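Report on the structure
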Amino acid sequence: MAIPRLNSLLRCRKLAKSDWLVASIGFVLIVFFLSFFFDPTSDSVPSVDRSPAVALPSVLVKLKLSSKAKERGAFCLDGSLPGYHFHKGSGSGSKSWLLHLEGGGWCNTVASCSSRAMTKLGSSNYFEREVPFQGLLSSDPSQNPEFNNWNRVKIRYCDGASFAGRPEAEFKNETRLFFRGQLIWEAIMDELLSMGMSDAKQAILTGCSAGGLATLIHCDYFRDHLPKAAAVKCVSDGGFFLNVPDVRGNPTMSTFYHDVVKLQGVDKSLDQKCIAKMEPSKCMFPHEFLKNIKTPVFLVNAAYDFWQIQNVLVPAAADPDKSWAKCRLNIKECDAAQMNILHGFRSSLMDAIGKFHQSKVGGMFIDSCFSHCQTFMSMTWHSPTSTRIENKTIAESVGDWFFNRKPVKLIDCPYPCNPSCYNLNFT
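The notes below deal with the structure included here. (Residues numbered from 1 in each chain as written. Predicted model: local features only at pLDDT ≥ 70, side-chain atom pairs only at ≥ 80, totals over all residues. Heavy atoms only, no water.)

Taken in spatial order, the ten strands line up as β5-β2-β3-β6-β4-β7-β8-β9-β10-β11 in an open sheet, and their pairing is mixed. Strands at the two margins of the open sheet, each flanked by one partner only, are β5 (130–133) and β11 (409–411). Geometrically, the sheet is characterised by an average inter-axis angle of 20 degrees between neighbouring strands, direction not taken into account. One ladder, built from five bridges, connects strand β4 (residues 96–101) with strand β6 (residues 151–155); its direction is parallel. Paired with Leu98 across the bridge in β6 is Arg152. (Pairing = 2+ DSSP bridges. Helix = DSSP H or I, 4+ residues; strand = E, 2+ residues; numbered from the N terminus. Axes fitted to C-alpha atoms, helices over the stretch in contact; angles between N-to-C directions.)

A few words now on unusual backbone geometry. Of note, the amide linkage connecting Tyr415 to Pro416 takes the cis form, showing an omega dihedral of 10 degrees. One can find Pro416 in the loop between β11 and β12 (424–425). Unusually for a residue other than glycine, Phe163 sits at a positive phi of about 55 degrees. At Asn391, a residue that is not glycine, the phi angle is positive and equals roughly 65 degrees. Within the fold, Asn391 resides in the loop between α12 (378–381) and α13 (394–402).

What follows is about the packing of aromatic side chains. Enumeration over the complete set of coordinates arrives at 21 aromatic pairs. With a centroid separation of 5.6 Å and an interplanar angle of 70 degrees, the aromatic rings of Phe75 and Phe178 are classed as edge-to-face. Separated by 103 residues along the polypeptide, Phe75 in the loop between α2 (69–72) and β3 (83–87) and Phe178 in the loop between β6 and α4 (181–194) bring together distant segments of the chain. Residue class for Phe75 comes out buried when judged on its relative accessible area of 17%. Here a set of aromatic residues connected by ring pairs shows up, and it is made of Trp106, Phe241, Phe256, Tyr257 and Phe285. When the ring centre of Phe127 is taken as origin, the NZ or CZ atom of Arg156, which lies over that ring, is 4.6 Å away. (Phe/Tyr/Trp six-rings, centres within 6.5 Å; stacked < 30°, edge-to-face > 60°. Buried < 20%, exposed > 50% of the residue type's maximum accessible area, 1.4 Å probe, protein only. Lys NZ or Arg CZ within 6 Å of the ring centre and 35° of its normal.)

On to α4, then. Since the α-helix advances by 3.6 residues per turn, residues separated by three or four positions end up pointing in the same direction. For α4, built from 14 residues, the straight-helix expectation of 20 Å at 1.5 Å per residue is met to within 8% by its first-to-last C-alpha distance of 20 Å. Burial within α4 is extensive, with twelve of its 14 residues counted as buried. When α4 is considered as a whole, its buried residues turn out to be Gly181, Gln182, Leu183, Ile184, Trp185, Glu186, Ala187, Ile188, Met189, Glu191, Leu192 and Leu193. Note on α4: the residue one or two positions beyond its end, Gly196, has a positive phi of about 125 degrees. (Expected span 1.5 Å × (residues − 1).)

Attention shifts here to the pattern of salt bridges. Per the counting criterion, the structure on display carries twelve salt bridges. When the shortest N-O distance is used, the salt bridge between Glu128 and Lys120 registers 2.6 Å. The partner of Lys268 in a salt bridge is Glu168, with the nearest N and O atoms 3.5 Å apart. Taken together, the positions of Lys268 in the loop between α6 (252–264) and α7 (272–275) and Glu168 in the loop between β6 and α4 put the pair 100 residues apart, joining distant regions of the chain. Residue Glu168 is classed as partly exposed on the basis of its relative accessible area, which comes to 46%. Each of Glu102, Lys120, Glu128 and Arg156 takes part in a single network of salt bridges with overlapping partners. (Salt bridge = Lys/Arg side-chain N within 4 Å of Asp/Glu carboxyl O.)

It is worth spelling out the packing of α4 against helix α5 (residues 210–224) at this point. Describing two packed helices takes the angle between their axes plus the distance from one axis to the other. Between α4 and α5, whose axes approach to 12 Å, the crossing angle comes to 30 degrees. Overall, the two elements α4 and α5 adopt an arrangement that is roughly parallel. The hand of the α4/α5 crossing is right-handed. Residues Gln182, Trp185, Glu186 and Met189 of α4 form the contact with α5, whose participating residues are His218, Tyr221 and Phe222. A breakdown of the residues in the contact of α4 with α5 according to their chemical character gives four nonpolar, two polar and one charged. (Parallel < 35°, antiparallel > 145°, perpendicular 65-115°, else oblique. Left-handed = near helix turned anticlockwise from the far one by under 90°. Contact = heavy atoms within 4.5 Å. Nonpolar A, V, L, I, M, F, W, Y, C, P; charged D, E, K, R; others polar.)

What follows is the structure, given as structure tokens:
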């Protein structure tokens, strides 16, 4: 499957006079582009259709390479050591932990994994030495009212298989690629447990896009390695990928996942109850294995997820005549027929989460925005102008659910009914 190229330039509105705000928003929007099929040549960034609220500067958190990775044989694609950013909790949050799994797509061929190994999504040699903690990682109570003083960890993504690749799938010839995602996950978990997480009283595993999928894959492992008395839950952001054909009827996503699973030996990391019933790559799709997860899960997803629209429903290869060119980059440019297809995509999501909706312990925030990954940016997680459903931000909804204040099953009305959405514009 061809990896899409993104050719537009950053065109954010002028939000304030101070440079740090522009830089901050630029950074987090760049991450959007790294959360699905990765193109290492792309430096494109979308604009948003309305100005976000002004936020305070984010705390920069230093990178730490894993001290346990080498002894475990846990390496990035290129053989470098994996890493994470850790912000220590304080006060009432000193025994509470929040782990965020970074997103960034997958690689499904030797060529694409080799290219990825020369970027920060395949090598710690290219990691930023410091990153801002925003959204659910923020230490600012006004941006992150529930979890601001918790121990917060951002785990960097450098394997290409949602932290689930296995070394037994590696090539024994001259190809120098390490498929160690599962070992990276286990090594960093061991390290964090030794740093105090073994005494956690409450904890959340979360992640965005490919990291959101990894959150679901590893949710029960996370629960099983923490104290039995601890309150442990998982929040998947933009990780509910659908097994739907593209607009030409091709099985784009299922073919891609099949190649990822086969190349990197992911099947042993997937839900074994699901594997026993069907072809392993189908068990990469959350609707096939979510019902088997014992730990409480919260889903944050855009019903008009732009990554899935651009790369699953209408990949470039399925639009040779460019009839979708404007629509797939800006939902406001879609004509009536195209909107009917997008509404059908939303309906597929509603069908896929139907059984999960009945879960007594599960929660969800499904908005009708043209967006993807909404928890790690303050302007979409929690701000005066954040996306809301029933007047609740994502942060407030996750907080109500995690602390058992009330059940949270929020599903937005169809586009364009929600004026609070941050709809991305790639044109």
